[in-house]
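# Survey of secondary and tertiary structure
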Amino acid sequence: MCNEELERLRGLASQADDVDTPQSDIEAQLQRARLRLESGKAELGAISRKLAVLKRQIEQVPNRTELREYRLRFSELYNQVSATHRQTKQFFSLYNSLEDTKRYLEKELSLLNSIVDSYHQVSHTASGRVDFFNQLSSLHDGMKDTCNKVDKRYHTERISVEKLQHELQRLLDQKVAYEKCLKELESECKNNDILLARLKKKEASQKQ
């Protein structure tokens, strides 16, 4: 627009001899046109720089293909971390179970040795045998209480495991539904890309 105005003013200047227009007015109009032209160039330069910045920002945003690749890699990494965490928990559980078994066996061995030693000491008298029998009865009652506590804890843990299994199954069902929905979304994105490419090609052919 500024160039057109400048050309128009130059045309007016070339016709100055035929038109009764003061030379100073023409020079003033030319000067204003030059200032507008310089201002327009400066504004165009600022706009061009802004467009370059926006273009770089847009190029930094990953496209659909890159996003799908990132999602795939994050999913693989999550599965690896989850498998390692699950395996580590299994090792800890196995260690705790073996440690409990070792402790119970040591207690059982200590108890058997104590019984054998006590029997040899009290087996010579009737009162000693009665006391020994009472001690065995007391130990039996204590072991029975311990077994009842262990059974109660076992049932509690079993109920907790069943609840966790139900929750795990629910989450697995959600994961399957999510993956199915994600595949459908990827398929629709591909179809959308194909349609956009066709539309751009058709618009380009129409412009020609």
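Residues numbered from 1 in each chain as written. Predicted model: local features only at pLDDT ≥ 70, side-chain atom pairs only at ≥ 80, totals over all residues. Heavy atoms only, no water.

The next point concerns the overall build of the protein chain. Helix and strand counts for the protein chain stand at four helices and zero strands. Listing every helix and strand of the protein chain by position from the N terminus yields α-α-α-α. A buried classification covers 7% of the 208 residues belonging to the protein chain. Looking at the protein chain alone, contacts between residues at least 24 apart form 53% of all its contacts between residues at least 6 apart. (Helix = DSSP H or I, 4+ residues; strand = E, 2+ residues; numbered from the N terminus. Buried < 20%, exposed > 50% of the residue type's maximum accessible area, 1.4 Å probe, protein only. Contact = heavy atoms within 4.5 Å.)

Attention now goes to the side chain of glutamate 186. If you trace the backbone, glutamate 186 turns up in helix H4 (residues 126-207). Judged by its relative accessible area of 19%, glutamate 186 is buried. A polar atom in the side chain of glutamate 186 sits 3.1 Å from the side chain of arginine 71. The contacts of glutamate 186, once residues within four sequence positions are left out, are Arg68 and Arg71. (Polar contact = N/O pair within 3.5 Å; in protein donor to acceptor, adjacent residues only side chain to side chain.)

This brings us to a nonpolar patch on the surface. Residues Leu67, Tyr70, Phe74, Leu77 and Val81 make up a contiguous nonpolar surface patch of roughly 530 Å² in combined accessible area. Relative to the helices and strands, phenylalanine 74 is located in helix H3 (residues 64-122). (Patch = residues over 30% accessible without salt bridge, like charges linked within 9 Å, V, L, I, M, F, W, Y side chains within 5 Å. Areas by Shrake-Rupley, 256 points an atom, 1.4 Å probe, with all protein chains shown as cover. Salt bridge = Lys/Arg side-chain N within 4 Å of Asp/Glu carboxyl O.)

Here we take up the pattern of salt bridges. Summed over the entire model, instances satisfying the criterion amount to seven salt bridges. Salt-bridge contacts for glutamate 69 lead to arginine 73; the nearest nitrogen and oxygen are separated by 2.7 Å. In this pair, glutamate 69 and arginine 73 both sit in helix H3, four residues apart, roughly one turn of the helix. By relative accessible area, glutamate 69 is classed as partly exposed at 36%. Taking the relative accessible area as the measure of exposure, arginine 73 reaches 42% and is therefore partly exposed. The shortest N-O distance in the salt bridge between arginine 73 and glutamate 76 comes to 3.5 Å. Separated by three residues within a single helix, arginine 73 and glutamate 76 lie in helix H3, roughly one turn from each other. With relative accessibility at 37%, the residue glutamate 76 sits in the partly exposed group. Three or more residues joined by partner-sharing salt bridges are found here, namely Glu69, Arg73 and Glu76.

Next up on the list: the layout of surface pockets. Volume-wise, the largest pocket comes out at about 1,000 Å³. If you go around the largest pocket, you meet 25 residues; those closest to its centre are Tyr78, Ser82, Arg86, Leu168 and Leu172. Listed by contribution, the elements that provide at least two residues to the lining of the largest pocket are H3 and H4. Here the element with the most residues in the lining of the largest pocket is H4; it accounts for 13 residues. Residues that form the lining of the largest pocket fall into these classes: ten nonpolar, seven polar and eight charged. Size it by volume and the second largest pocket reaches roughly 400 Å³. Lining the second largest pocket, in full, are Ser93, Asn96, Ser97, Asp100, Arg103, Tyr104, Thr146, Lys149, Val150, Arg153, Tyr154 and Glu157. Listing elements by their share of the lining of the second largest pocket, those giving two or more residues are H3 and H4. (1 Å grid on protein atoms, 1.4 Å probe; cavity = no way out; pocket = protein on both sides within 12 Å on 5 of 7 lines; lining within 4 Å. Points joined across faces, edges and corners; volume = space filled by probe spheres on them. Nonpolar A, V, L, I, M, F, W, Y, C, P; charged D, E, K, R; others polar.)

On to the confidence of the model for the protein chain. In the predicted model, the protein chain carries a mean pLDDT of 80, and 87% of its residues have values of at least 70. Ranking the elements of the protein chain by mean pLDDT puts helix H1 (residues 2-14) last, at 61, and H4 first, at 84. (pLDDT = per-residue confidence, 0-100.)

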